[in-house]
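# Structural overview for review
Listed below are the residues making up each chain.
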Amino acid sequence: MYVAVKGGEKAIDHAHNLLARRRRGDTRQAALSVAQIREQMKLAVDRVMTEGSVYDPELAALAVKQASGDLMEAIFLLRAYRTTLPRLAVTSPVNTGDMLVQRRISATFKDVPGGQVLGSTYDYTHRLLDFKLLAEGEAESDVAERASSEEPAAADESVARCPRVLEMLNSEGLIESAKPENEQPGDLTREPLDYPADRATRLQALARGDEGFLLALAYSTQRGYGRNHPFAGEIRQGYVAVEIVPEELGFAIDIGDIELTECEMINQFVGSKDRAPQFTRGYGLGFGQCERKAMAMALVDRSLRAAEFDEERDSPAQNEEFVLSHCDNVESNGFVSHLKLPHYVDFQSELELLRKLRKEFEEHGSNRPAAKTNAATTATEVTS
Amino acid sequence: MNADRHEHVSSEAASPEGYNFAYLDEQTKRMLRRALLKAVAVPGYQVPFGGREMPLPYGWGTGGIQVTAAVIGSDDVLKVIDQGADDTTNAVSIRRFFVTTTGVDTTEKTCDATVIQTRHRIPETPLSEGQILVYQVPIPEPLRFIEPSETETRKMHALQEYGVMHVKLYEDIAHFGHIATAYAYPVKVNGRYVMDPSPIPKFDNPKMHQSPALQLFGAGREKRIYAVPPFTDVESLDFEDYPFEIQSWDHHCDICGASESFLDEVVTDDQGGRLFVCSDTDYCRTRVEAEGVQAVASPAKTQEVLS
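Because the structure is predicted, anything quoted here is derived from the model rather than measured. (Residues numbered from 1 in each chain as written. Chains lettered and ligands numbered in written order. Predicted model: local features only at pLDDT ≥ 70, side-chain atom pairs only at ≥ 80, totals over all residues. Heavy atoms only, no water.)

## A look at the interface of chain A and chain B
- Across the boundary between the two partners, chain A contributes 60 residues, which contact 72 residues of chain B.
- Of the roughly 5600 Å² buried between chain A and chain B on both sides combined, carbon and sulfur atoms contribute 57%.
- Counting the contacts that link chain A with chain B gives seven salt bridges.
- The partner of B:Glu245 in a salt bridge is A:Lys356, and the shortest N-O contact between them spans 3.3 Å.
- Our count for the contact surface shared by chain A and chain B stands at 25 residue pairs in polar contact (both at pLDDT 80 or more). (Contact = heavy atoms within 4.5 Å. Buried area = accessible area lost by both parts, 1.4 Å probe. Salt bridge = Lys/Arg side-chain N within 4 Å of Asp/Glu carboxyl O. Polar contact = N/O pair within 3.5 Å; in protein donor to acceptor, adjacent residues only side chain to side chain.)

Right, here's the structure in full:
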């Protein structure tokens, strides 16, 4: 008989057992280790860390494994774990200018001090399936060969201390200064979002926001829905030191390095009678290698600053409430998926109403104001 | 909400696997209790709170779970229902969550519970003083579907600018001859705030009025808490010539024969066969167990439903 009356408890247990089996797959295949995921599915791990708001490649890899590779589920797992963590200290702002750069490109200048460093990127690969990877135990020799054939010992080569491209423009006054916000930035995982939000809070929400959603919004600005003329001023990815200043010590101590991707966009200039025209900025930052996310974030950040520059605001990407209320995929995924939960009672209420309306319609014929076809929407919009 | 009830709550009473009693840490519970106190002090007002990410998905009761976690103590008896039933999968899941993290006793009997977490229903059995009813709320803002912007709706509440809500209800009457809202039917609390009663059927609205129980509402994703203290006026919006009315059925419950309870319709075959059963499973079972109640359905059908 139907689950709602009896059997919910048993059904859940069975579903969990089945899930565990499906997650493992065919047992004749070796089980994936968390270390393998961490090392060989780095970009998935990086995305889970960024949107999960926890820098821990091992836990992120564990989440990916537990979620059978469903990254949103993995992000959710990591977020739920994050809630339970105590806040031990607040770090000093990281200085990405001191980054040990592994990749650094600028689309605005042919060459920049410190040079263009391509690093590891899919950008110029031809998207041809590499059938060699199909072969079991992937040709280790091939990988070794590639490493040795390169002149500098490739992978671990980093360039220290590249001056930031936007600072070079800044020294000429061509671009607005990145205004340091003096006050402690808020924490939207502790305090509810309040509109209008300050830029730091917006950036926090965007950093946690869904890559796909932000990408689509960013794309929409490029297609004219809130255009803001972007140039990729600089994209850099590498390691930065994290420091805390314990009260007992009174000076900063280095507690480790984290890998970050940062994107600084140069956007359309603004000026007025009293102010010389200047370029404006959009900013994006995320954990690990997350260039797509960082770029999308920078474009959306700039769009959301429309009010600051007194620009017309008529596109979704410029609407703070629209973007910030909908960019979190743990929230959106939860609310969309809750439609799977039983709604018998609400539906029954609708059925009862609809039957009544139809009965009256038949009884009164055309005298009664006609029930419009949007009946269902009027009544169901409150559904949940 | 009883201070004495919470003296038992401490990290020593910790549950398995290193989690605090009722999952949330004490600082978080304190934040929640402050929000709850404010909510009780200003009935129907939506208090923003620092909603946490819970190990259950948003939209599946995280607001209600946080409220329950903030008020539950080790001597509480918990009942969890979804659509009026104790055995719906999400109710089972939430009840298990609290059993694991608090070890409290649970019950299916409405009268035995001190805390009842619910989704979409108010139990048929009248609640009594000292009981707490915790509602899971998806969209706390009753004006949201008229005005999507939070900045605007907060202003509207501050100015008691509720005319648009009556216009919406009036438009329903103009289109359909009735107010076409069957659930999540807006109410005015204590003569001040228009409030979303959560998606309970309007059938349940009258139960909120002057209820001796404390009613708490938690919206996790939207990070809002609101409350109706015991013995508070809760009035469903209506018009003099179109007074508020609740649903009624031409049927009785096919299991217990109840004529006064909210009935779920169960499709029994593809030939138009239908059964009507109480949505509140505890109410239904209590009636069956009590003497003198005869099932009105044919024995075969009843057997099928109960199996």
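Additional details are given in the paragraphs that follow.
## Observations concerning the sheet that holds strand 1 (residues 47-48) of chain B
Residues and elements named next belong to chain B.
- Across the sheet, seven strands lie side by side as 1-9-8-5-4-2-3; this open sheet has mixed pairing. Two strands in the sheet have a free side with no partner beyond their single neighbour: strand 1 and strand 3 (105-106).
- Of the strands in this sheet, strand 2 (77-82), strand 3, strand 4 (115-119) and strand 5 (132-136) touch helix 3 (residues 89-102), which is tilted by about 155° from strand 2. (Pairing = 2+ DSSP bridges. Helix = DSSP H or I, 4+ residues; strand = E, 2+ residues; numbered from the N terminus. Axes fitted to C-alpha atoms, helices over the stretch in contact; angles between N-to-C directions.)

## Focus on the confidence of the model for chain B
All names here are of chain B.
- When the pLDDT values of chain B are averaged, the result is 89; 89% of them are 70 or greater.
- Segment residues 1-14: pLDDT under 50, and 35 contacts once partners within four positions in sequence are set aside and those in other chains are kept.
- A low-confidence stretch, residues 295-307 (pLDDT under 50), is modelled with 21 contacts involving residues beyond four sequence positions or located in other chains.
- Taken together, the chains of this predicted complex give a pTM of 0.86 and an interface ipTM of 0.81. (pLDDT = per-residue confidence, 0-100.)

## Notes on the environment of A:Gly226
Residues and elements named next belong to chain A.
- Mapped onto the elements of the fold, Gly226 is located in the loop between helix 9 (211-222) and strand 3 (231-244).
- Gly226 sits in the buried class, given a relative accessible area of 9%.
- Between the alpha carbons of Gly226 and Ala306 there is a distance of 8.7 Å; along the sequence they are 80 residues apart.
- Look past the residues within four positions of Gly226 in its chain and what remains in contact with it is Thr221, Ser303, Ser315 and Gln318. (Buried < 20%, exposed > 50% of the residue type's maximum accessible area, 1.4 Å probe, protein only.)

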